[in-house]
2 protein chains.
Amino acid sequence: MTKKWTPASAADGVEQVLKILEGKWKLVILFHLFGGQVKRFSELEKAIPAITQKMLIQQLRQLEADGIVTRTIYHQVPPKVEYSLTDWGQELCPALDALLKWAENKK
Amino acid sequence: MTKKWTPASAADGVEQVLKILEGKWKLVILFHLFGGQVKRFSELEKAIPAITQKMLIQQLRQLEADGIVTRTIYHQVPPKVEYSLTDWGQELCPALDALLKWAENKK
DNA sequence: TAGGGTACTTACTCTGAAGTAAGTTTTTGA
DNA sequence: TCAAAAACTTACTTCAGAGTAAGTACCCTA
């Protein structure tokens, strides 16, 4: 059963979601991890050349705090840290697809 | 047929959509107009008490420019301006629903 | 002719997200 | 013992988006 939404509460709910996605680089990061891909910090750096280390970490940390990405540390030298999506994070994919399809459908 | 997306192009596509939705007040406005509702400027003002006239207009103009809301002017005294969603704007509703459902599904 | 209601504009300030650039930690191997 | 690679951290600056507050155009009615 779906909740009863008021305009205000529905807008609020969507805004919570947008807040998660809103960072300048989060979507690029997400799309690099969709489909069960696992990437190291340095791989993401290479895949997104324009991003700075600071921003990459900041965005990853926020995504992690929001429960969308998982961080796995390997205690090696040199260190290795892998990032992947949580189950919940993967489920975001179809929802974003819906937005893309909507955008394509502009008359 | 669906386009072939790279991480970068997909992220870009979603970002275009987010840009449309991103204003501080756009979602509230949208949810007040979903379902074919038609509202006057002053009705929206009342429905969203915290918004200032400047922001209301600004957001409405941007939504209009993006092809999501329609503006109908009645040349009366006092003036009357009605806002409603375009067909494309209405179609946004299910896509936002998908996001809401995703958010509810957080483990 | 003065006031009132509706739909805007304009000028200013403020704040937080993003950018830049440099420094830090850890341990191995030459 | 010192450089090198990976994954961060820190300090500073910049700028666009949002807020505040006031003003404007229109024209009817009293």
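Residues numbered from 1 in each chain as written. Chains lettered and ligands numbered in written order. Predicted model: local features only at pLDDT ≥ 70, side-chain atom pairs only at ≥ 80, totals over all residues. Heavy atoms only, no water.

With an unreviewed UniProt entry as reference, chain A is termed Transcriptional regulator, HxlR family, source organism Marinomonas polaris DSM 16579.

K.L.:
Explanation requested: the overall build of chain A in the structure shown.
P.N.:
Within chain A one finds five helices and three strands. The linear arrangement of helices and strands in chain A, starting from the amino end, is α-α-β-α-α-β-β-α. Across the 107 residues that make up chain A, the buried fraction comes to 41%. Across chain A, the fraction of contacts at a sequence separation of at least 24, relative to all contacts at a separation of at least 6, is 50%. As displayed, chain A offers around 5900 Å² of accessible surface, 55% of which is attributable to carbon and sulfur atoms. Within chain A, one finds 15 positive and 12 negative side-chain charges whose respective centroids are separated by 3 Å. (Helix = DSSP H or I, 4+ residues; strand = E, 2+ residues; numbered from the N terminus. Buried < 20%, exposed > 50% of the residue type's maximum accessible area, 1.4 Å probe, protein only. Contact = heavy atoms within 4.5 Å. Areas by Shrake-Rupley, 256 points an atom, 1.4 Å probe, with all protein chains shown as cover. Lys, Arg positive; Asp, Glu negative; His and termini not counted. Charge placed at Lys NZ, Arg CZ, Asp CG, Glu CD.)

K.L.:
What should I look at first to understand the interface of chain B and chain A in this one?
P.N.:
Interface size is often expressed as the accessible area that is lost when the parts come together. Between chain B and chain A, the residue contacts involve 37 residues of the former and 37 residues of the latter. Around 3700 Å² of area is buried between chain B and chain A when both sides are counted, 75% of it from carbon and sulfur atoms. The three residues of chain B that bury the most area against chain A are Trp88, Leu99 and Trp102 of chain B, which together make up 22% of that side's buried surface. In this assembly, chain B and chain A are joined by zero salt bridges. The interface formed by chain B and chain A holds six residue pairs in polar contact (both at pLDDT 80 or more) in total. Among the elements of the structure, α1 (7-21), α2 (26-33) and α5 (87-104) of chain B are those that each provide at least two residues to the side of chain B that touches chain A. Per-element tally for the side of chain B that touches chain A: the top contributor is α5 of chain B, with 13 residues. Its residues assigned to classes, the side of chain B that touches chain A shows 22 nonpolar, four polar and 11 charged. (Buried area = accessible area lost by both parts, 1.4 Å probe. Salt bridge = Lys/Arg side-chain N within 4 Å of Asp/Glu carboxyl O. Polar contact = N/O pair within 3.5 Å; in protein donor to acceptor, adjacent residues only side chain to side chain. Nonpolar A, V, L, I, M, F, W, Y, C, P; charged D, E, K, R; others polar.)

K.L.:
Hey, could you run me through the packing of helix α5 (residues 87-104) of chain A against α1 of chain B in this one?
P.N.:
Any two packed helices are characterised by how steeply their axes cross, that is the angle between the axes, and by the distance between the axes. Running from N to C, α5 of chain A and α1 of chain B cross one another at 75 degrees; their axes reach a closest spacing of 9 Å. Relative to α1 of chain B, the element α5 of chain A lies roughly perpendicular. In contact with Leu96, Leu99, Leu100, Trp102 and Ala103 of chain A of α5 of chain A, α1 of chain B contributes Ala10, Gly13, Val14, Val17 and Ile20 of chain B. Looking at the contact of α5 of chain A with α1 of chain B residue by residue, the class counts come to nine nonpolar, one polar and no charged. (Axes fitted to C-alpha atoms, helices over the stretch in contact; angles between N-to-C directions. Parallel < 35°, antiparallel > 145°, perpendicular 65-115°, else oblique.)

K.L.:
For this particular structure, what's the right way to read the sheet that holds strand β1 (residues 39-40) of chain B?
P.N.:
Working definition: the strands of a sheet are paired by backbone hydrogen bonds and lie parallel or antiparallel to each other. Residues and elements named next belong to chain B. The antiparallel open sheet is built from three strands, whose spatial order is β1-β3-β2. Single-partner strands in this sheet number two, and they are β1 and β2 (69-74). Here β1 runs beside strand β3 (residues 80-85); their pairing, made up of two bridges, is antiparallel. The partner of Lys39 across the bridge, within β3, is Tyr83. Its contacts with the sheet place helix α4 (residues 53-65) against β2 and β3, and it is angled at close to 115 degrees to β2. (Pairing = 2+ DSSP bridges.)

K.L.:
Explain the pairing of β2 of chain B to me, please; I cannot follow it from the model alone.
P.N.:
A regular strand places its side chains on the two faces of the sheet in alternate fashion. As defined by bridge partners, β2 of chain B adjoins β3 of chain B across six bridges and the pair is classed as antiparallel. Residue pairing in the sheet places Val69 of chain B in a bridge with Leu85 of chain B of β3 of chain B.

K.L.:
Honestly, the protein's contact with DNA strand C in this entry has me stumped. Any pointers?
P.N.:
Residues in close proximity to DNA strand C total 21 residues, the closest being Lys54 and Val77 of chain A together with Gln53, Arg71 and Tyr83 of chain B. Within the backbone of Ser42 of chain B, one N or O atom sits 2.9 Å away from a phosphate oxygen of DNA strand C. Among the elements of the structure, α4 (53-65) of chain A together with α3 (41-47), α4 and β3 of chain B are those that each provide at least two residues to the surface near DNA strand C. Examining the composition of the surface near DNA strand C, we find that four residues originate from one element, α4 of chain B, more than from any other. The residue inventory of the surface near DNA strand C, partitioned by class, reads nine nonpolar, five polar and seven charged. (Near = heavy atom within 4 Å.)

K.L.:
Can you help me understand the relation of the copies chain B and chain A in this one?
P.N.:
Both copies of the chain are related by a screw-like operation: a rotation about an axis and a shift along it. For the pair chain B and chain A, the best superposition has an RMSD of 0.0 Å and corresponds to a rotation of 180 degrees with a translation of 0.0 Å parallel to the axis. The superposition of one copy onto the other is thereby described by a two-fold rotation axis. Measuring from the rotation axis to each C-alpha of chain B, the shortest distance belongs to Ala95 of chain B, at 3.4 Å. Interface overlap between copies is the fraction of interface residues in one copy that are interface residues in the other; for chain B against chain A it reaches 100%, indicating a shared surface. (Least-squares fit on C-alpha atoms with pLDDT ≥ 70 in both.)

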